[in-house]
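Read off the chains here:
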Amino acid sequence: MSEQHTASTPGTREVGPSLGRVGHGLARYVLAAALARTADGGAVVAVVLLVTSSGGSGTLAGVLGACVTAPHLLGPFVARPLDLARDGRKVIATACLLYAAALTGGVLTYGHAPAVVTGLLLAAAGTCGPLLTGGISSRLPAIVGPELRTQRRAQGWDVATYGIGGTVGPSLVAALSGWVSPTAAGLALAAGAATAAGGVLLLPFAAPFHGGDRATVLRPGATLALIARTGSLRRTVYLTMIVALSVAALPITAVHLTRILGTEPATAAVLTAAYGLGNLAGSMAVMVFPLTGEPDRLMRRLALGVVAGLLTVTASPAFAVTAAAYALTGILNSFFFASTLAARTEYAPSGARSQVFIWVAALKITSGSAGTALAGSLTGTTVRLPLVVGVLAVSAAVTAATVETRCARAVEKRP
């Protein structure tokens, strides 16, 4: 698929949102997305602390935490209403309010009602989660307009909101849990999600992609089949999944690397913080210097950048070097993430755009969870083994994507 550039020519007027409207819409988007993703990113930590601080077992904490994360797999099945809706803002705002209400119920019922009741409420919140992540991202192209450079810069902002959610959410929960209580932390996240609902409703209205013909909106299974048979989308999915699986090893590996590097176990937090700050720095760089080029090619090249970062972590001989390598990997991963957002935006058909965004997000979360579990099992053998596996897996995925692309081009050139 070729890139679509929107350019003004002498004597013509560029079609699309005005600069002022784009700026206001993007500012509202960033605020709403950051609040929603902070709630989603911190919920698991809040639930685990809620259980463990009251003397609950680790098993119960893990099960209730999974009640928040596992339903993200249902994302593609709750995404279709977003493509069908006349006003997608209302669908996302409703999801934010339901998330807030369910999370509040889950937090307040723990210890006062059977654990299954708490689990069901948390699962209800988790089911809304995909609309707070990939669902909100699917609104961005309509806010910033068709101009490619503007879209790429806005995707940098979007990456930043994910980074904020993944770092500020858990940090806020940890702080509030220490100052007040885990219950207060969970309620604060719920309040953030409810506030995000108001921010979503203030976003500029975007006409539905189906143009009034709902029959053109694909069902979840048909959307997945479309992704599987469309080369650019297929490569987007498996590159996203493999990179997510690989970088998920970094927090687990950090704890064990401190022993090898001769530092205190608590310094593992410095490594994970360096990775998070690298993610934020990378997203800021994309805002200032938007990515250029075909997303398909960008994903392959930036995935190799992640490989370079993982190799640097693997080979680093000292703690300072390791911290820098974690930050570098975070920067490169944010670049890669921005390229996958560009791919979803530019390759997804209008009749299934929201579903494509959420399918990729759901599969990414699943792969990241698998990567965490895999890293936990592999570090028992050799500390750096999860990093080596990640390097080999991403390299193999890039090789497969390159071969696939070249074969497809060769077929297109045949007479």
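Quick caveat, the model's predicted, so the values are computed rather than measured.

Topic: the layout of surface pockets
Size it by volume and the largest pocket reaches roughly 1800 Å³. In terms of lining, the largest pocket is formed by 47 residues, of which the most central are Gly41, Tyr162, Gly166, Pro251 and Tyr275.

Considering the packing of helix H14 (residues 295-315) against helix H15 (residues 319-347)
Where H14 contacts H15, the axes come no closer than 8 Å and their chain directions differ by 165 degrees. In terms of orientation, H14 lies roughly antiparallel with respect to H15. Where H14 crosses over H15, the handedness of that crossing is left-handed. Residues of the contact of H14 with H15, tallied by class, amount to 17 nonpolar, seven polar and two charged.

Section: the confidence of the model for the protein chain
For the protein chain, per-residue confidence averages 85 on the pLDDT scale, and residues scoring 70 or more make up 92% of the total. Contacts of residues 1-16 to residues separated by more than four positions or lying in other chains number 20 contacts, the stretch itself having pLDDT below 50.

Considering empty space enclosed by the protein
Counted under the stated rule, the structure contains three cavities of 30 Å³ or more. As a volume, the largest cavity reaches approximately 60 Å³. Considering only residue class, the lining of the largest cavity consists of five nonpolar, one polar and three charged. Taken together, Leu245, Ser246, Ala249, Gly371, Leu374, Ala375, Leu378, Pro386, Val389 and Gly390 make up the lining of the second largest cavity. Broken down by element, the residue count for the lining of the second largest cavity peaks at four residues, all from helix H16 (residues 353-378). Grouping the amino acids of the lining of the second largest cavity by side-chain chemistry returns seven nonpolar, three polar and no charged.

Some words on helix H4 (residues 88-109)
With 22 residues, H4 should cover 32 Å at 1.5 Å per step; its first-to-last C-alpha distance of 32 Å lies within 8% of that length. Positive backbone phi, at 85 degrees, marks Gly111, one or two positions downstream of H4.

Digging into the pattern of salt bridges
The final tally for this structure, using the stated rule, is seven salt bridges. Notably, a salt bridge pairs Asp158 with Arg37, separated by 2.7 Å at the nearest N-O pair. Note that Asp158 is positioned in helix H8 (residues 148-179) and Arg37 in helix H1 (residues 19-53), a separation of 121 residues in sequence. Accessibility assignment for this pair places Asp158 and Arg37 in one class, buried. With its nearest N and O atoms 2.6 Å apart, the salt bridge here joins Asp296 to Arg235. With Asp296 in helix H14 and Arg235 in helix H11 (residues 231-247), this pair connects stretches of sequence that are 61 residues apart. Among the charged side chains, a network of salt bridges with common partners joins Arg234, Arg235, Asp296, Arg300 and Glu404.

Describing the nonpolar core
Ranked by internal contacts, the top residues of the largest apolar core, which has 51 residues, are Tyr29, Tyr99, Leu103 and Leu122. Taken together, the elements giving at least two residues each to this core come down to H1, helix H2 (58-69), helix H3 (75-84), H4, helix H5 (115-132), helix H7 (140-144), H8 and helix H9 (182-201). At twelve residues, H1 tops the list of elements feeding residues into this core. Residues in contact with Tyr99, not counting those within four places in the same chain, are Ala39, Asp40, Ala43, Val68, Ala125, Cys128, Gly129, Leu132 and Ala193.

Notes on the packing of aromatic side chains
Summed over the entire model, instances satisfying the criterion amount to two aromatic pairs. For the ring pair Phe77 and Trp359, a centre distance of 6.1 Å and an interplane angle of 65 degrees mean the geometry is edge-to-face. Highlighted residues: Phe77 in helix H3 and Trp359 in helix H16, separated in sequence by 282 residues. Exposure remark for Trp359: the relative accessible area of 9% places this residue in the buried category. One residue, Arg37, lies across the ring of Tyr162, its end atom 3.9 Å from the ring centre. When the ring centre of Phe337 is taken as origin, the NZ or CZ atom of Lys364, which lies over that ring, is 3.7 Å away.

Points about a positive patch on the surface
A surface patch of like charges, here positive, comprises Arg297, Arg301, Arg406, Arg409 and Lys413. If you list the elements that add at least two residues to the positive patch, you get H14 and helix H17 (385-413). With three residues, the top contributor of residues to the positive patch is H17. By the secondary structure assignment, Arg297 is in helix H14.

Digging into the state of the cysteines
Applying the stated criterion to the full structure yields zero disulfides. No disulfide involves Cys96; its nearest neighbouring cysteine sulfur is the one of Cys128, lying 8.7 Å away.

Criteria and cut-off values
Residues numbered from 1 in each chain as written. Predicted model: local features only at pLDDT ≥ 70, side-chain atom pairs only at ≥ 80, totals over all residues. Heavy atoms only, no water. 1 Å grid on protein atoms, 1.4 Å probe; cavity = no way out; pocket = protein on both sides within 12 Å on 5 of 7 lines; lining within 4 Å. Points joined across faces, edges and corners; volume = space filled by probe spheres on them. Axes fitted to C-alpha atoms, helices over the stretch in contact; angles between N-to-C directions. Helix = DSSP H or I, 4+ residues; strand = E, 2+ residues; numbered from the N terminus. Parallel < 35°, antiparallel > 145°, perpendicular 65-115°, else oblique. Left-handed = near helix turned anticlockwise from the far one by under 90°. Nonpolar A, V, L, I, M, F, W, Y, C, P; charged D, E, K, R; others polar. pLDDT = per-residue confidence, 0-100. Contact = heavy atoms within 4.5 Å. Expected span 1.5 Å × (residues − 1). Salt bridge = Lys/Arg side-chain N within 4 Å of Asp/Glu carboxyl O. Buried < 20%, exposed > 50% of the residue type's maximum accessible area, 1.4 Å probe, protein only. Core = buried A, V, L, I, M, F, W, Y, C linked by side-chain atoms within 4.5 Å. Phe/Tyr/Trp six-rings, centres within 6.5 Å; stacked < 30°, edge-to-face > 60°. Lys NZ or Arg CZ within 6 Å of the ring centre and 35° of its normal. Patch = residues over 30% accessible without salt bridge, like charges linked within 9 Å, V, L, I, M, F, W, Y side chains within 5 Å. Areas by Shrake-Rupley, 256 points an atom, 1.4 Å probe, with all protein chains shown as cover. Lys, Arg positive; Asp, Glu negative; His and termini not counted. Charge placed at Lys NZ, Arg CZ, Asp CG, Glu CD. Disulfide = S-S within 2.5 Å.

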